[in-house]
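Spelled out, the chains give:
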Amino acid sequence: GYWFAHGANSLWEAWELTARSRNHYMFGTVDGWFFTTLAGLRPDRPGFETFTVRPRLLGDLTEVRATTETVRGRIDIHWRRGPGGQLWLDLTVPGNSIATLYLPAGSPAAITEAGQALAAATGVRLLGVADGTAALSVGSGSYRFAVS
């Protein structure tokens, strides 16, 4: 209320009325945290030519959806947890883009894509497994991963 009483219509940089910057966006860092941490989306190259998806499965949170439009097209991420530690992750990678996807899996055998073994999945390549996390290279398209 203090800022509004003094004419504020944005988030100021400091409480003092003499603050130089008075144009910070409200809740912007919260939105960024949703995308970069919960959904795990981070660009690696300009225009999302390559990007990383490394979702954080925090606490008792059971589902996250994130969508963003890029110059190459739409990126969609939707993950949800089920009983017994089951994880499902739907990912859409736009044309002319490549995603590096990190999934919590101790071995490639724990991961399927569209109901088939990871090795048979078109457009997906295993990069490696370390510390209980599998890294995948995922080309353009829509995918449905499951981790048991």
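The preceding data block contains the structure.
So, here's what we can say about the structure. Note that the structure is a prediction, hence the values are computed from the model and not measured.

Here we look at the environment of Gly115
Within the secondary structure, Gly115 sits in the loop between strand S7 (111-113) and strand S8 (116-117). Residues Gly115 and Ala146, 31 residues apart in the sequence, show an inter-C-alpha distance of 7.8 Å.

Side note on a nonpolar patch on the surface
Residues Val30, Trp33, Phe34 and Phe35 make up a contiguous nonpolar surface patch of about 340 Å² in total accessible area. Inspection of the secondary structure assignment puts Phe35 in helix H2 (residues 28-38). Taking the relative accessible area as the measure of exposure, Phe35 reaches 30% and is therefore partly exposed.

Digging into the pattern of salt bridges
Between side chains of opposite charge, pairing is possible as soon as their charged atoms come close. Within the structure shown, the criterion is met by 6 salt bridges. The partner of Glu49 in a salt bridge is Arg45, and the shortest N-O contact between them spans 3.2 Å. Residue classification places Arg45 among the partly exposed residues on the basis of a relative accessible area of 43%. Overlapping salt bridges, with partners in common, bring together Arg45, Glu49 and Arg72 in one network.

Looking at the pairing of strand S9 (residues 124-130)
Bridge count for S9 against strand S10 (residues 133-138) is 6 bridges, and the pairing is antiparallel. Counted as the bridge partner of Ala130 is Thr133 from S10. Counting the residues between successive antiparallel strands, the hairpin from S9 to S10 contains 2 residues, one of them, Asp131, with a positive phi of roughly 50°.

As for the environment of Thr70
Tracing the sequence through the fold places Thr70 in strand S3 (residues 63-70). Given the relative accessible area of 14%, Thr70 is considered buried. Counting along the chain gives 28 residues from Thr70 to Ile98, while the straight-line C-alpha distance between them is 13 Å. Not counting the four nearest positions on each side in its chain, Thr70 is found in contact with Gly47, Phe48, Ile75 and Pro94. At a separation of 3.1 Å, a polar atom in the side chain of Thr70 contacts the main-chain amide nitrogen of Arg72. Within the local environment of Thr70, its side chain forms a polar contact with the backbone oxygen of Gly73, the two atoms lying 2.7 Å apart.

A closer look at unusual backbone geometry
Positive phi outside glycine occurs at Ala114, with the angle close to 55°. In this fold, Ala114 is placed in the loop between S7 and S8. Its identity is not glycine, yet Asp131 carries a phi of approximately 50°, on the positive side. Counting through the fold element by element, Asp131 comes out in the loop between S9 and S10.

Considerations on the packing of aromatic side chains
Aromatic rings considered in pairs are described by the distance between their centres and by the relative angle of their planes. One pass over the structure, following the stated rule, counts 3 aromatic pairs. Between Phe48 and Phe51, the ring centres sit 6.0 Å apart and the planes meet at 65°, which makes this aromatic pair edge-to-face. Judged by relative accessible area, Phe51 falls into the buried class, the value being 0%. The ring centre of Tyr102 lies 4.2 Å from the NZ or CZ of Arg54, which sits over that ring.

Scoring rules and cut-offs
- Residues numbered from 1 in each chain as written.
- Predicted model: local features only at pLDDT ≥ 70, side-chain atom pairs only at ≥ 80, totals over all residues.
- Heavy atoms only, no water.
- Helix = DSSP H or I, 4+ residues; strand = E, 2+ residues; numbered from the N terminus.
- Patch = residues over 30% accessible without salt bridge, like charges linked within 9 Å, V, L, I, M, F, W, Y side chains within 5 Å.
- Areas by Shrake-Rupley, 256 points an atom, 1.4 Å probe, with all protein chains shown as cover.
- Salt bridge = Lys/Arg side-chain N within 4 Å of Asp/Glu carboxyl O.
- Buried < 20%, exposed > 50% of the residue type's maximum accessible area, 1.4 Å probe, protein only.
- Pairing = 2+ DSSP bridges.
- Contact = heavy atoms within 4.5 Å.
- Polar contact = N/O pair within 3.5 Å; in protein donor to acceptor, adjacent residues only side chain to side chain.
- Phe/Tyr/Trp six-rings, centres within 6.5 Å; stacked < 30°, edge-to-face > 60°.
- Lys NZ or Arg CZ within 6 Å of the ring centre and 35° of its normal.

All we've got here are geometric facts, nothing functional implied.
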